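Observations on the model geometry
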Amino acid sequence: MSGQPPGARSGAGLDPGTGQPGQTALRLVWSTPLYLRSTVALFLSGLGFSAAAPQIASFLVGELHASLTVAGLYYLTNLTAPVAGYLVGARSDRTGSRLGLFRLCAVVGFAGWTAIALAPRLWVPFVVSAVVLGFAGAATSQLFAAIHDQAALRPSPANDGVVAIVRMALTAGWVVGPVAGSFLAAVAGSRVMLFATAVATLAQLVPLGALRDPGVLNAAAAAGKPRSVRPGVRAMLPLLAFTALYICVYAGESVKYAFLPIYMNDRLGFSPALSGAIIGIQPLVELVLMPVAVVVARRTGEVRLMVLAAGFGVGANLCFALTGTAAGLFAGQVLMGGVWGVFATLGIIVAQRLLPRAVATASAIFLSSTALSSALGGLAGGLGAAWIGLPLVFLVPAGFALAAVLGLAVLARAR
């Protein structure tokens with residue numbers, strides 16, 4: 001199984017969908033309204049969510065007087081996100097309304113973040129996050145489903161590169177967001193920062209405007225094909241297996257962000273500038289490697305490249321656990337940038353190809369799995385820190401990443 005669209009490896013220099021000289025991914029993004037507008041929308045999405053993510057615990061403690069333990073439990077509300085994502089994705093695959101559901105999820109997200117910003121009692125953010133924000137997070141999966149539909153209408157060797165560029169915009173939002181959120185919270189307060197997150201979530205609607213769905217499902221129905229397919233459990237098994245392995249890789253992020261700053265500041269005595277440089281090197285490496293991952297994957301295969309990337313995750317966590325030097329931690333963060341340069345780019349592509357007749361469902365299941373991995377990483381990291389302490393706690397995510405290496409190797413062989 002090559003995993004490429006029909007004709008994607010043939011017709012040297014030609015776009016199989018048009019017969020014209022093949023376009024680069026950048027030109028496709030620039031010339032296709034859906035791709036260009038989705039790029040802007042996903043930057044706003046990443047900006048909003050990442051601005052709030054590091055600040056929500058401080059808001060709960062400082063504004064609503066929660067204990068540190070209760071504030072930590074807030075992240076367990078993310079466990080409802082996969083259920084919400086599946087419901088939205090299944091609805092999308094039945095109706096073909098990718099952008100309509102995207103708009104609805106964005107409005108729901110605005111309402112949810114506004115409610116949290118105005119929360120008078122501690123229970124409000126917990127209920128809103130568990131019941132409302134899971135649906136808000138499904139907006140991203142709907143855009144990727146719409147992008148897949150557009151690519152199906154115009155097959156091109158550059159389509160994977162288009163996904164990489166759009167995904168880079170989301171990552172860029174996550175680079176800028178934490179800095180902007182910290183500054184706004186310091187200047188104007190946590191409630192203003194959370195309302196700014198609500199505004200950024202709603203602002204995703206602006207670039208999409210009145211753009212309509214590509215209409216792949218409508219075209220299939222007109223051709224006498226089934227309008228939608230509700231995949232059975234057996235059909236979903238490869239996707240679920242791949243998502244479980246992705247969760248194992250991503251779980252290390254929760255452990256790293258929880259304990260690496262503490263380790264650097266309290267145990268190693270690094271200056272704030274040095275600690276910030278070590279944390280900040282990963283997203284920069286990730287952004288550089290995302291387009292490279294698409295090129296390499298064409299030669300090696302997506303899943304085979306992910307085996308190598310998961311191996312980088314093992315090496316990164318071993319650096320955190322065993323080196324105890326600035327150089328070792330820099331090396332670990334560079335390796336971690338390699339992990340996410342591959343997985344952030346190719347993960348959604350592989351997930352959609354593992355469930356090709358229900359791509360919105362596949363997108364939603366895959367993208368919402370980060371909530372499960374955060375909970376898994378938080379639980380395992382907390383228990384590991386209590387049991388073996390710092391820095392050996394990073395051996396826990398190294399073990400998760402090693403399990404992912406083995407599982408992905410089996411999956412690559414099967415494909």
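Relevant structure appears above.
This write-up is about the structure you can find in this document. None of these values were measured; they are calculated from a predicted model.

**A short note on the overall build of the protein**
Along the protein, the regular secondary structure elements total 17 helices and zero strands. Expected size for 415 residues packed as a compact globule is a radius of gyration near 22 Å; at 21 Å, the protein falls within 12% of this value. The C-alpha extent of the protein, read off along each of the three principal axes, is 60 × 45 × 40 Å. Looking at the protein as a whole, 50% of its 415 residues qualify as buried. Contacts spanning at least 24 positions in sequence make up 83% of the contacts within the protein whose residues lie at least 6 apart. Total accessible area computed for the protein in this model is approximately 17,600 Å², and 71% of it derives from carbon and sulfur atoms.

**So, a nonpolar patch on the surface**
A cluster of nonpolar side chains, namely Leu318, Leu322, Trp387, Ile388, Leu392 and Leu395, defines an oily patch on the protein surface of about 590 Å² accessible area. If you list the elements that add at least two residues to the nonpolar patch, you get helix 14 (302-322) and helix 16 (359-388). Assignment of secondary structure puts Leu322 in helix 14.

**Topic: helix 14**
End to end, helix 14 covers 30 Å across 21 residues, agreeing with the expected 30 Å (1.5 Å per residue, within 8%). Looking one or two places after helix 14, you find Gly324, whose phi comes out positive at around 70°.

**Focus: the nonpolar core**
Counting 80 residues, the largest nonpolar core has Phe242, Phe343, Phe394 and Leu408 as its most contacted members. Once residues within four sequence positions are removed from consideration, Phe242 is found in contact with Met306, Gly347, Val350, Ala351, Leu354, Phe366, Leu408 and Leu411. With 21 residues, the next largest nonpolar core counts Trp113, Val128, Leu194 and Ala198 among its residues.

**Concerning unusual backbone geometry**
A cis geometry characterises the amide bond from Leu390 onward to Pro391, with omega recorded as 0°. Checked against the element boundaries, Pro391 lands in the loop between helix 16 and helix 17 (395-414).

**Observations regarding helix 15 (residues 326-354)**
Within an α-helix, residues lying three or four positions from one another point in the same direction, as the helix has 3.6 residues per turn. Helix length check: helix 15, at 29 residues, gives a terminal C-alpha distance of 40 Å against a target of 42 Å (1.5 Å per residue), a fit within 8%. Of all the bends in helix 15, the largest measures some 40° and sits at Leu346. Burial analysis of helix 15 places 23 of its 29 residues in the buried class, which makes it a mostly covered element.

**What about the environment of Gly252?**
As for its placement among the helices and strands, Gly252 is situated in helix 12 (residues 233-267). Considering only alpha carbons, one finds Gly252 and Asp160, 92 residues apart in sequence, at a separation of 26 Å.

**Notes on the environment of Arg357**
You can see Arg357 is positioned in the loop between helix 15 and helix 16. In sequence terms Arg357 and Val285 are 72 residues apart; their C-alpha atoms lie 34 Å from each other.

**Thoughts on the pattern of salt bridges**
The tally for this structure, following the rule as stated, stands at six salt bridges. Arg98 is the partner of Asp149 in a salt bridge, and the nearest nitrogen-oxygen pair spans 2.8 Å. Residue Asp149 is found in helix 7 (residues 123-153), and its partner Arg98 is found in helix 6 (residues 98-117); the two are separated by 51 residues along the sequence. As far as burial versus exposure is concerned, Asp149 and Arg98 are alike and both buried. Between Lys256 and Glu253 there is a salt bridge, with its nearest N and O atoms 3.3 Å apart. Within this pair, Lys256 and its partner Glu253 are both found in helix 12, separated by three residues, close to a single helical turn. Given a relative accessible area of 0%, Lys256 falls into the buried group. Overlapping salt bridges, with partners in common, bring together Asp93, Arg98 and Asp149 in one network.

**Focus: the packing of aromatic side chains**
Working definition: an aromatic ring pair is given by the centre-to-centre distance plus the angle between the planes. Scanning all chains against the criterion turns up 11 aromatic pairs. With 6.2 Å between their ring centres and 40° between their planes, Tyr246 and Phe343 make a pair best called tilted. Highlighted residues: Tyr246 in helix 12 and Phe343 in helix 15, separated in sequence by 97 residues. A single burial state applies to Tyr246 and to Phe343, both of which are buried. Their ring planes at 40° and their centres at 4.5 Å tell us that Tyr246 and Phe366 sit as a pair that is tilted. With Tyr246 in helix 12 and Phe366 in helix 16, the pair connects residues that are 120 residues apart, well separated along the chain. Residues Tyr246 and Phe366 agree in their burial class; the two are buried. An aromatic cluster is defined as three or more aromatic residues linked by ring pairs; in this entry it consists of Phe242, Tyr246, Tyr250, Trp340, Phe343 and Phe366.

**Description of the packing of helix 14 against helix 17**
Look at helix 14 against helix 17: their axes get within 8 Å of each other, and the N-to-C directions meet at 165°. Comparing their axes, helix 17 and helix 14 come out roughly antiparallel. Of the two possible hands of crossing, helix 14 and helix 17 adopt the one that is left-handed. Across from Val303, Arg304, Met306, Val307, Ala310, Gly311, Gly313, Val314, Asn317, Leu318 and Ala321 in helix 14, the residues of helix 17 making contact are Leu395, Pro397, Ala398, Ala401, Leu402, Ala404, Val405, Leu408, Ala409, Leu411 and Ala412. Among the residues forming the contact of helix 14 with helix 17, the class breakdown is 18 nonpolar, three polar and one charged.

**Let's talk about the packing of helix 12 against helix 16**
At a minimum axis distance of 6 Å, the contact between helix 12 and helix 16 shows a crossing angle of 45°. One finds that helix 12 runs oblique with respect to helix 16. By crossing handedness, the relation of helix 12 to helix 16 is classed as right-handed. Among the residues making up the contact of helix 12 with helix 16, the classes are represented as 16 nonpolar, 10 polar and no charged.

Cut-off values and rules
- Residues numbered from 1 in each chain as written.
- Predicted model: local features only at pLDDT ≥ 70, side-chain atom pairs only at ≥ 80, totals over all residues.
- Heavy atoms only, no water.
- Helix = DSSP H or I, 4+ residues; strand = E, 2+ residues; numbered from the N terminus.
- Rg over C-alpha atoms; globule rule 2.2 N^0.38 Å.
- Buried < 20%, exposed > 50% of the residue type's maximum accessible area, 1.4 Å probe, protein only.
- Contact = heavy atoms within 4.5 Å.
- Areas by Shrake-Rupley, 256 points an atom, 1.4 Å probe, with all protein chains shown as cover.
- Patch = residues over 30% accessible without salt bridge, like charges linked within 9 Å, V, L, I, M, F, W, Y side chains within 5 Å.
- Salt bridge = Lys/Arg side-chain N within 4 Å of Asp/Glu carboxyl O.
- Expected span 1.5 Å × (residues − 1).
- Core = buried A, V, L, I, M, F, W, Y, C linked by side-chain atoms within 4.5 Å.
- Bend = angle between axes of the 7 residues up to and from the residue.
- Phe/Tyr/Trp six-rings, centres within 6.5 Å; stacked < 30°, edge-to-face > 60°.
- Axes fitted to C-alpha atoms, helices over the stretch in contact; angles between N-to-C directions.
- Parallel < 35°, antiparallel > 145°, perpendicular 65-115°, else oblique.
- Left-handed = near helix turned anticlockwise from the far one by under 90°.
- Nonpolar A, V, L, I, M, F, W, Y, C, P; charged D, E, K, R; others polar.

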